[in-house]
Amino acid sequence: SYFPMVFKHANNLTKQQKLFVRANQISLYFVLLLGIGLTFFIGDIVSLILGPSYSDVSGVFRIYYWSIIFLFWANVQHMWEVYNGEYSLPLYKTAFACCLKLILNLYLGAEYGLNGFAFATLISYFFYGMGFNLFRKKTREYLRLQIKSLNYKAILSNIRLLRLKGFIWFRKRS
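Residues numbered from 1 in each chain as written. Predicted model: local features only at pLDDT ≥ 70, side-chain atom pairs only at ≥ 80, totals over all residues. Heavy atoms only, no water.

Asks: Could you give me a rundown of the pattern of salt bridges, with the residues and numbers involved?
Replies: All told, the structure shown has 2 salt bridges when counted by the stated rule. Between Glu81 and Lys93 there is a salt bridge, with the nearest N and O atoms lying 3.0 Å from each other. Of this pair, Glu81 sits in helix H4 (residues 68–83) while Lys93 sits in helix H5 (residues 89–112), and the two are 12 residues apart along the sequence. Here Glu81 matches Lys93 in class, with each residue buried. A salt bridge links Arg136 to Glu86, with the shortest nitrogen-to-oxygen separation between them at 2.9 Å. (Salt bridge = Lys/Arg side-chain N within 4 Å of Asp/Glu carboxyl O. Helix = DSSP H or I, 4+ residues; strand = E, 2+ residues; numbered from the N terminus. Buried < 20%, exposed > 50% of the residue type's maximum accessible area, 1.4 Å probe, protein only.)

If you want it as structure tokens, here you go:
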């Protein structure tokens, strides 16, 4: 449902950039909202579901979870890639991230065990979702949009907006 809005504003580059920044911010909010809760309660959740003997793996889940933001951002970037005719870019990003993950698994997995494999995933997802954009001039433009979505003032403004819209929605329902 977001992709048609981007095409609707085909002649307005500023509006398109705002839409991509907003999509990255929404992804960030979703991951942060779940991640903060999971970071604190994953040990209890693992013990409840798998039993107390598996509570040691909660640290691995914490690391894996924080790699999700880069996958969310990569999904938003796919819209940008399609819109800009960069059809082969996902293939290159996937191949690069796969090779990087294999190499990191050999070194980090041997050295740090399960946590090393989780960190290898985090690093390879970073390059898949964000870091690869450093290497090409055209994708640096999108990297700038990704970094712009981390703007602290914009995040606070969006939180206020969500709170206000939620309050209005709640008032209508009561």
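After that view, the rundown keeps rolling.
Asks: Lay out helix H7 (residues 137–148) in plain terms, naming residues and giving numbers.
Replies: Each α-helix winds once per 3.6 residues, and so residues spaced three or four apart point in a common direction. The end-to-end C-alpha separation of H7 is 17 Å, in line with the 16 Å expected for 12 residues at 1.5 Å each. Where H7 is concerned, the buried positions are Thr139, Tyr142, Leu143, Leu145 and Gln146. Summarising the axial view, the buried residues of H7 lie within an arc of 155°, below the 170-degree limit, and thus occupy one face. For H7, the elements touching its buried residues are helix H2 (13–50), H4, H5 and helix H6 (114–129). (Expected span 1.5 Å × (residues − 1). Arc of directions from axis to C-beta. Contact = heavy atoms within 4.5 Å.)

Asks: Before we move on, can you summarise the nonpolar core with the specific residues and values?
Replies: General note: in soluble globular proteins, nonpolar side chains tend to be found buried as a group. Residues Val6, Leu19, Phe20, Val21, Ala23, Val76, Met79, Trp80, Tyr142 and Leu145 constitute the largest nonpolar core, which totals 10 residues. Within the residue set of this core, elements represented by two or more residues are H2, H4 and H7. Broken down by element, this core gets its largest block of residues, 4 residues, from H2. Apart from the residues within four sequence positions on either side, Trp80 is in contact with Phe20, Lys138, Thr139, Glu141 and Tyr142. Of all hydrophobic cores here, the second largest spans 8 residues; its members include Ile69, Trp73, Met130 and Leu143. (Core = buried A, V, L, I, M, F, W, Y, C linked by side-chain atoms within 4.5 Å.)

Asks: Just give me the short version of the side chain of Asn133, but keep the residues and values in it.
Replies: Within the secondary structure, Asn133 sits in the loop between H6 and H7. There is a polar contact of 2.8 Å between the side chain of Asn133 and the side chain of Gln77. Residues within four places of Asn133 in sequence aside, it is in contact with Gln77, Thr139, Arg140, Tyr142, Leu143 and Gln146. (Polar contact = N/O pair within 3.5 Å; in protein donor to acceptor, adjacent residues only side chain to side chain.)

Asks: Tell me about the packing of aromatic side chains, residues and numbers included.
Replies: Summed over all chains, the structure comprises 11 aromatic pairs. Ring geometry for Phe30 and Phe72: centres 5.6 Å apart, planes at 25°, overall stacked. Taken together, the residues Phe30 in helix H2 and Phe72 in helix H4 connect sequence positions 42 residues apart. For Phe30, a relative accessible area of 43% translates into the label partly exposed. Judged by its relative accessible area of 27%, Phe72 falls in the partly exposed class. Note on Phe70 and Trp73: the rings are 6.4 Å apart at their centroids and 80° apart in plane angle, and the pair reads as edge-to-face. Placement of both Phe70 and Trp73 in helix H4 is noted, with a separation of 3 residues, approximately one turn of the helix. As far as the burial class goes, Phe70 and Trp73 line up, both buried. By the ring-pair criterion, three or more aromatic residues cluster together here, those being Phe70, Trp73, Phe96, Phe126, Phe127, Phe132 and Phe135. In this structure, Lys93 packs its charged tip against the face of Tyr128, placed 5.0 Å from the ring centre. (Phe/Tyr/Trp six-rings, centres within 6.5 Å; stacked < 30°, edge-to-face > 60°. Lys NZ or Arg CZ within 6 Å of the ring centre and 35° of its normal.)

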